[in-house]
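Each chain, letter by letter, is given below.
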Amino acid sequence: MKEKTQSAAKTRSEKEREKTRKALRQKKIRVVLAVLFVYLLVMIAAAVIIDDRHIEITLLGPEEDIAEVGETYVDLGAEAYFVGNLFGKSVNPLEIKTESGVDVDVIGDYTVKYTAEGFGKKAESYRRVLVRDTKPPVITLNHEEGYLASWLVGYTEEGFSATDNYDGDLTAKVVRTEVDDTVYYSVADSSGNETAVERKIEYGVSEPQIRLEGGEEITVGAAFTFTDPGFEAVDKSGNDLTSYVKVTGEVIPYELGTYTLDYYIMNEQGETASARRIVNVVPQPRVETVIPNRKTIYLTFDDGPGPYTAQLLDVLARYGAKATFFVTGNGQYYDRDYTDMIGRAFREGHSIGVHTLTHDYAAVYASRDAFFRDFNAMEDIIYEQTGQYTRLFRFPGGSSNTVSRNYCSGIMSSLVNYMTNMGYVYFDWNVDSGDALGGAKNSYTVSNNVAEGCLENTVNVVLQHDTKDFSVAAVESILRWGRNNGYVFEALDESSYGAHHGTNN
Ligand code: ZN
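Residues numbered from 1 in each chain as written. Predicted model: local features only at pLDDT ≥ 70, side-chain atom pairs only at ≥ 80, totals over all residues. Heavy atoms only, no water.

### Considerations on the pairing of strand 19 (residues 272–282)
Where strand 15 (residues 217–221) lies against strand 19, 5 bridges are found, and the strand directions are parallel. From the neighbouring strand, isoleucine 218 faces strand 19, where its bridge partner is valine 279. Direction of pairing for strand 18 (residues 257–266) relative to strand 19: antiparallel, over a ladder of 10 bridges. Looking at the pairing, leucine 261 lines up with arginine 277 of strand 19. (Pairing = 2+ DSSP bridges. Helix = DSSP H or I, 4+ residues; strand = E, 2+ residues; numbered from the N terminus.)

### Some details on the pairing of strand 26 (residues 460–465)
Extensive coverage of strand 26 is indicated by the burial of 6 of its 6 residues. Every second residue of strand 26 is oriented toward a common face, with Asn460, Val462 and Gln464 on one face and Val461, Leu463 and His465 on the other, all of them buried. Two strands pair when backbone bridges link them, and strand 20 (residues 296–302) and strand 26 are joined in this way by 6 bridges, in the parallel orientation. Bridge pairing in strand 26 places aspartate 302 opposite histidine 465. Examined bridge by bridge, strand 25 (residues 431–432) and strand 26 share 2 bridges and lie parallel to one another. In the strand pairing of strand 26, aspartate 432 is matched with leucine 463. (Buried < 20%, exposed > 50% of the residue type's maximum accessible area, 1.4 Å probe, protein only.)

### Things to note about the layout of surface pockets
Using a probe with the size of a water molecule, rolled over the atoms, empty space left in the structure can be pinpointed. In this structure, the largest pocket occupies an estimated 320 Å³ of space. Lining the largest pocket we find 18 residues, and of these Arg286, Val287, Tyr424, Val425 and Glu494 sit closest to its centre. Split into classes, the residues belonging to the lining of the largest pocket amount to 7 nonpolar, 7 polar and 4 charged. The computed volume of the second largest pocket comes to approximately 230 Å³. Along the walls of the second largest pocket sit 14 residues, with Asp303, His359, Tyr361, Ala436 and His465 positioned nearest its centre. Grouping the amino acids of the lining of the second largest pocket by side-chain chemistry returns 5 nonpolar, 6 polar and 3 charged. (1 Å grid on protein atoms, 1.4 Å probe; cavity = no way out; pocket = protein on both sides within 12 Å on 5 of 7 lines; lining within 4 Å. Points joined across faces, edges and corners; volume = space filled by probe spheres on them. Nonpolar A, V, L, I, M, F, W, Y, C, P; charged D, E, K, R; others polar.)

### Quick look at the sheet that holds strand 8 (residues 138–141)
Read across the sheet, 3 strands follow the order 8-9-10 without closing on themselves; strand pairing throughout is antiparallel. Only two strands of the sheet have a single neighbouring strand rather than two, namely strand 8 and strand 10 (168–169). The pairing of strand 8 with strand 9 (residues 160–164) spans 4 bridges and is antiparallel. Its bridge partner lying in strand 9, valine 138 is registered against threonine 163.

### Description of helix 6 (residues 411–421)
Of all 11 residues in helix 6, 8 are buried, a share of seventy percent or more. For helix 6, every residue scored as buried is listed here: Ile411, Met412, Leu415, Val416, Tyr418, Met419, Thr420 and Asn421. Turning to helix 6, the residues buried within the fold contact helix 5 (368–386), strand 23 (392–393) and strand 24 (425–426). Just downstream of helix 6 lies glycine 423, where phi reads positive at about 90 degrees. (Contact = heavy atoms within 4.5 Å.)

Given below as structure tokens:
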């Protein structure tokens with residue numbers, strides 16, 4: 001029954017209790033949910049903290065890269081992902097922003113910066129790029145095919161150049177050294193890269209040949225001068241070394257004898273190439289003396305030309321007579337210059353001989369060389385006048401003069417030898433007209449002396465001076481007398497009788 005009561009009561013109170021319980025249950029659920037929620041939050045927070053999610057950038061390639069200056073630099077790039085401790089790496093890479101300051105044309109240290117961002121996160125990474133010149137310069141050697149170093153002067157540099165990828169032309173900085181048969185070239189660029197090359201010197205095979213024109217032994221006639229017939233020196237490389245040839249030894253061209261001339265070249269190594277020539281100086285060939293088979297008079301006129309020479313040439317021409325003029329340079333010291341009479345006399349068929357330029361005893365007989373100088377100066381004038389040199393001459397004062405003793409002892413006999421060896425033919429005289437100083441004073445005496453002095457069966461060489469008017473004036477009567485007596489008047493030549501006196505000094 002109690003239960004019934006209870007049941008009735010229950011109906012009401014139970015409803016209330018039910019209500020209360022229900023509320024209580026709901027409260028419990030709310031608490032549990034709240035706790036669960038908090039727990040969840042704590043767990044999420046813990047997960048986030050433990051996961052430590054962030055962006056990570058990984059460089060592709062080295063962190064420090066070397067780039068060759070002047071060449072293209074290819075950056076390998078980088079990758080970026082979100083990464084965390086719990087959930088690992090994100091599937092998709094993040095976009096990367098690259099900032100590169102690399103200038104490949106300028107040596108230096110550069111940085112490439114990589115940036116990635118997302119979800120409020122951001123990361124940066126860097127790569128160092130070192131732009132460097134690591135390539136050495138290049139040395140180029142010029143070479144002409146077939147070029148051989150000269151025996152004489154050694155190797156002549158054929159040329160070279162050096163260039164560097166960064167520094168450009170480095171030719172001026174090349175260090176060149178030559179040791180024995182090798183040339184060494186080296187150069188370094190501004191980055192210290194070094195290059196060294198070398199070249200082997202190829203030499204010509206051996207020393208040059210000195211070839212003597214005319215041969216190793218020559219024979220020449222005595223003369224005032226000796227002219228070497230010539231020579232040439234060529235080395236195996238074909239270089240003409242003739243101008244480097246030195247000649248030692250001497251030929252005294254007017255002194256008979258045997259001489260040695262040495263030709264040689266010495267190179268920088270002290271090696272020599274040489275040749276030797278023997279020179280024999282012998283007398284010039286003599287022209288045989290021919291005695292004419294007719295009664296002959298050789299009129300000779302010394303010391304001119306002068307004011308009377310033209311008149312003399314006129315009279316000789318009129319008689320068709322030839323004569324010989326032993327001339328001096330004194331023709332130029334009169335009222336006018338009579339030197340042109342030499343040319344006229346020559347053209348009119350007369351012989352021209354040297355009587356020396358100055359006819360000054362003190363000058364011409366001072367020495368052998370003084371005589372030679374004076375003689376040749378007159379030869380030059382004769383050449384100008386006649387177009388040829390003469391072989392004929394007469395010593396001032398004749399070969400028998402004693403005046404030369406005052407200037408040089410023994411000079412006459414020595415000059416006779418020298419001049420004869422050189423092929424000159426000297427003439428004295430065997431008929432003296434007496435027109436010289438202290439002798440005849442008029443034409444009559446002169447012509448008389450000549451007429452009396454000339455002999456029928458000898459060769460007559462008459463001494464006169466065309467510098468004396470009375471002597472020139474005597475010529476016509478001499479010519480007439482000679483013609484009337486069957487003489488011919490001829491000009492001397494190299495085969496003529498010399499009428500030598502013999503020397504006295
Ligand atoms: Zn004279």
